[in-house]
Amino acid sequence: MKTMRRIAALSAGAASVLALPVASEVRMKRAARPLTDRWQDVPVEPRGSTLLGISFRPLQAEALGLESRTTLQRLLGSPFQLVRLGAYWNRMEPEQGRFCPDELDWQVDAAEQAGKQIILCVGAVKTFGYPEFFVPAHHLQHPLREGDLVEPAGHRSLLTAGTEFITRIVERYRDRKAIVAWQVEHEAVDPLGVEHSWRLAVPFVQEEVKAVREADPTRPLMMNGFLPTSLPVRMQQWWRTRDQGDSLSAAQEFADIVGIDFYPRHALVNIGPKTMYLDGSRSLWQQRRRRRLFEWAHECRRQLMISEGQAEPWETVTTPPNPQVRGMYSCMPEQVIENYNQCMSWGRDQGVPLYAYLFWGAEYWVLREQSGDERYVRAFARVLENA
């Protein structure tokens, strides 16, 4: 009986210890908030040698009611250095035997003409931007089974088709001098958000990496992973990837450039008139993993970059809300600069300058601008002008 009481007491104590950091990371806020001009006064960290840029998501532009090409042209007019583009497999191969590169050709041409450097994500299974899964239907006889690891042995036809697509993309664009790196997959071995629990197995991704390096041995390869910024998310990620590690670990193993996806504040659930958010970006849990990553980069002489620095709201819906004369708590205009500043300080403090910082959410800024709110676009411009 004493042993049982002791175990119960220890369990309760452990739960209390865990509850403290979780409670400190939870925010209950009204989602839509009054806009201010605080973004004008936030100091801007110098970028040093770090390249600044954006990711362009044509599907997100369309979901926001924007014309894709006009949106990209508007964004390319800003004086940043680097843009990330994606080869979306099911859009480039809408049916068996039909290859449609026209849209990506146009994007690469436009970026080159604007004097930008390009990171091109070749997929194949996952590419950045919702829904992140872009396998053409004719390459899947059955949906990927939830909870499965997608191994080469059990999904040979998918792997063969995927590596053929990757090779075709690399061979098509490898003579473009503006392309400075290839990206393989997106958060390669993590589950696909909360919608799906299947994951690509490490050997599957390794075959894709091999295909890229064989098609172009001259350029570096980038892979990205999500950096948890709260204890609940960290524990969930560890549990779901405990058998083979997460995408940051895979990137450390296979990539020349490790990309960090950094989202310090995001919504969980609406509760009445308020929303519950997680915001643990300055917690010890987040800092420990990040410091280890920077120490590894320093010791191994590898490059790190911010592949996605949060610069648009992450609310409880897929498409960020666009309220008139208000902003969303998960990312107000001033946080476009504050999130950038925080990441720049990591590199400075640990002696590992970031290769690049890509702001995530540029299409949303254009929507806001067209809706009469230039704060997001101007916050980005302040970084470019003062960094």
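Residues numbered from 1 in each chain as written. Predicted model: local features only at pLDDT ≥ 70, side-chain atom pairs only at ≥ 80, totals over all residues. Heavy atoms only, no water.

### Examining the packing of aromatic side chains
Formally: To pair, rings of Phe, Tyr and Trp, with the six-membered ring standing in for Trp, must have centres within 6.5 Å; the planes then decide the type, stacked if under 30 degrees apart, edge-to-face if over 60, and tilted in the middle. We count a stretch as a helix when DSSP gives it H or I for four or more residues in a row; a strand needs E for two or more, and each element gets its number in order from the N terminus. The buried label goes to any residue with under 20% of its type's maximum accessible area, the exposed label to any with over 50%, and the partly exposed label to all in between, with areas taken from a 1.4 Å probe on protein chains only. Only lysine NZ and arginine CZ atoms are considered, and such an atom sits over a ring when it is within 6 Å of the ring centre and within 35 degrees of the ring normal.
In total, this model carries 20 aromatic pairs according to the counting rule given. Ring geometry for F133 against W198: centres 5.4 Å apart, planes inclined by 65 degrees, an arrangement best described as edge-to-face. Taken as a pair, F133 in the loop between β5 (117-121) and β6 (149-150) and W198 in the loop between β7 (179-183) and β8 (199-200) lie far apart in primary sequence, 65 residues in all. Judged by relative accessible area, which is 23%, F133 ranks as partly exposed. Since its relative accessible area comes to 3%, W198 is described here as buried. Ring centres of W365 and F380 lie 4.7 Å apart, and the angle between their planes is 40 degrees; on these two criteria the pair is classed as tilted. Here W365 is found in helix α12 (residues 362-370), whereas its partner F380 is found in helix α13 (residues 375-386), with 15 residues between them in sequence. Like F380, W365 is buried. Connected via pairs of aromatic rings, a cluster forms that spans F80, Y340, Y357, F359, W365 and F380. Directly above the ring of W239 sits R242, whose terminal nitrogen or CZ lies 3.6 Å from the centroid. Over the ring of Y329 we find R265; its NZ or CZ atom is 4.0 Å from the centre of that ring.

### Observations regarding the nonpolar core
This is how it is decided: Nonpolar cores are built from buried Ala, Val, Leu, Ile, Met, Phe, Trp, Tyr and Cys residues. Side-chain atoms within 4.5 Å join them into one set. Two residues qualify as a contact provided that any one of their heavy atoms is within 4.5 Å of a heavy atom in the partner residue.
Core analysis: the largest hydrophobic core is formed by 101 residues, its most contacted members being M223 and W365. With eight residues, the top contributor of residues to this core is helix α6 (residues 156-173). Setting aside residues no more than four positions away along its own chain, W365 makes contact with I54, L75, A311, F359, Y376, V377 and F380. Counting eleven residues, the second-largest nonpolar core is a separate cluster that includes I119, V180, I257 and M305.

From the geometry alone we can't say anything about function, so treat these as descriptive.
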